[in-house]
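An overview of the molecular structure
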Amino acid sequence: MHSISGVIYLILAACLLPYVFTLIAKKSAGFSSKDNQNPRAFLEKSSGLASRANAAQQNSFESLPLFIAAILMAEYLVISQDLVMIFGVAYLVFRVLYGICYLANWATLRSIVWLLSMLCPVTLLLLIIKLV
C-alpha cells in the first residue's frame, strides 16, 4: 500500500465512524421515515441507548477536524509514515472503544478512552511543532 493511500483510508474511516453511531441511535430510538422531517429534534428527545449513540455520533464529528488536520499536516511535513499510521490507527481504535463505552454507559472508562483518542492527534501536532 502506498503511504498516502493508508492516510486516505484512515481519514475515510474516521469520517464514516460517526455514521455508525447515527445508525445505532436511529435504530434503537425506533426512527422511521415520518421522523425524517426533523431527525435532529427526534434524536434530541431520545433516551437511553439512542441518546448515548447520538452523543457518541456528535462527539465523533467534533473530534474530526483536529484528527484530519494533524494527519494532513504530518503528511505534508513528512513525519515518519510509521508514526502517522501508529497515531492514526490508535486514534481510530480509541474512537471505536469510546463509542462502545458510550453505548454501554461506562462513563469513567469512556472519559479515559476519549482522552487517549485526543492525545493521538495532539501528539502528532506536537511532533510537527518540534520539527518546524
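Keep in mind that this is a model prediction, so the values were computed, not measured. (Residues numbered from 1 in each chain as written. Predicted model: local features only at pLDDT ≥ 70, side-chain atom pairs only at ≥ 80, totals over all residues. Heavy atoms only, no water.)

For the rest of this paragraph, the subject is the overall build of the protein. From N to C terminus, the protein includes five helices and zero strands. The dimensions of the protein, computed from C-alpha atoms along their principal axes, are 50 × 30 × 25 Å. Relative to its 132 residues, the protein shows a buried fraction of 38%. Of the roughly 7,700 Å² of accessible surface on the protein, 68% is carried by carbon and sulfur atoms. Looking at the protein, you have 9 positive and 5 negative side-chain charges, and the mean spots of the two groups are 10 Å apart. (Helix = DSSP H or I, 4+ residues; strand = E, 2+ residues; numbered from the N terminus. Buried < 20%, exposed > 50% of the residue type's maximum accessible area, 1.4 Å probe, protein only. Areas by Shrake-Rupley, 256 points an atom, 1.4 Å probe, with all protein chains shown as cover. Lys, Arg positive; Asp, Glu negative; His and termini not counted. Charge placed at Lys NZ, Arg CZ, Asp CG, Glu CD.)

This brings us to unusual backbone geometry. Positive phi is not limited to glycine here, since Val-78 has a value of about 55°. With respect to the helices and strands, the residue Val-78 is situated in the loop between α3 (48–76) and α4 (81–104). Judged by relative accessible area, Val-78 falls into the exposed class, the value being 68%. Of note, Asn-105 is a non-glycine position whose phi angle comes to about 65°, a positive value. Along the chain, Asn-105 turns up in the loop between α4 and α5 (107–131).

With that out of the way, let us pick up the packing of α4 against α5. Two numbers describe how α4 lies on α5: the axes approach to 8 Å, and their chain directions differ by 160°. Between α4 and α5, the angle falls in the class roughly antiparallel. For the pair α4 and α5, the sense of crossing is left-handed. On α5, the residues that touch Leu-83, Val-84, Phe-87, Ala-90, Tyr-91, Phe-94, Arg-95, Leu-97, Tyr-98, Cys-101 and Tyr-102 of α4 are Leu-109, Arg-110, Val-113, Trp-114, Leu-116, Ser-117, Met-118, Cys-120, Pro-121, Thr-123, Leu-124 and Leu-127. Taken together, the residues of the contact of α4 with α5 sort by class into 19 nonpolar, two polar and two charged. (Axes fitted to C-alpha atoms, helices over the stretch in contact; angles between N-to-C directions. Parallel < 35°, antiparallel > 145°, perpendicular 65-115°, else oblique. Left-handed = near helix turned anticlockwise from the far one by under 90°. Contact = heavy atoms within 4.5 Å. Nonpolar A, V, L, I, M, F, W, Y, C, P; charged D, E, K, R; others polar.)

By size, the foremost hydrophobic cluster in this structure holds 17 residues, and its most contacted members are Phe-67, Ile-71 and Leu-124. Those elements that provide at least two residues to this core are α1 (3–29), α3, α4 and α5. Of all the elements, α3 adds the most residues to this core, at five residues. Formed by 12 residues, the second largest nonpolar core is a distinct cluster that contains Ala-53, Ala-56, Tyr-98 and Cys-101. (Core = buried A, V, L, I, M, F, W, Y, C linked by side-chain atoms within 4.5 Å.)

So, about α4. Over its 24 residues, α4 extends 34 Å from the first C-alpha to the last, a length consistent with the 34 Å expected when each residue adds 1.5 Å. Residues of α4 that are buried: Val-84, Phe-87, Gly-88, Tyr-91, Leu-92, Arg-95, Tyr-98, Gly-99, Cys-101, Tyr-102 and Leu-103. Downstream of α4 by a residue or two, Asn-105 has a phi angle that is positive, lying close to 65°. (Expected span 1.5 Å × (residues − 1).)

Two numbers describe how α3 lies on α4: the axes approach to 9 Å, and their chain directions differ by 170°. Taken as axis vectors, α3 and α4 run roughly antiparallel relative to one another. Here the residues of the contact of α3 with α4 sort into 13 nonpolar, five polar and three charged.

It is worth spelling out a nonpolar patch on the surface at this point. Where nonpolar side chains cluster on the molecular surface, the patch consists of Val-89, Val-93, Val-96, Leu-97, Ile-100, Trp-106, Leu-109, Ile-112, Trp-114, Leu-115, Leu-116 and Leu-119 and spans about 1,000 Å² of accessible area. Of all the secondary structure elements, the ones that give two or more residues to the nonpolar patch are α4 and α5. Among the elements that make up the nonpolar patch, the one with the highest residue count is α5 (six residues). As for its position among the elements, Ile-112 is in helix α5. (Patch = residues over 30% accessible without salt bridge, like charges linked within 9 Å, V, L, I, M, F, W, Y side chains within 5 Å. Salt bridge = Lys/Arg side-chain N within 4 Å of Asp/Glu carboxyl O.)

Purely geometric numbers; function is a separate question.
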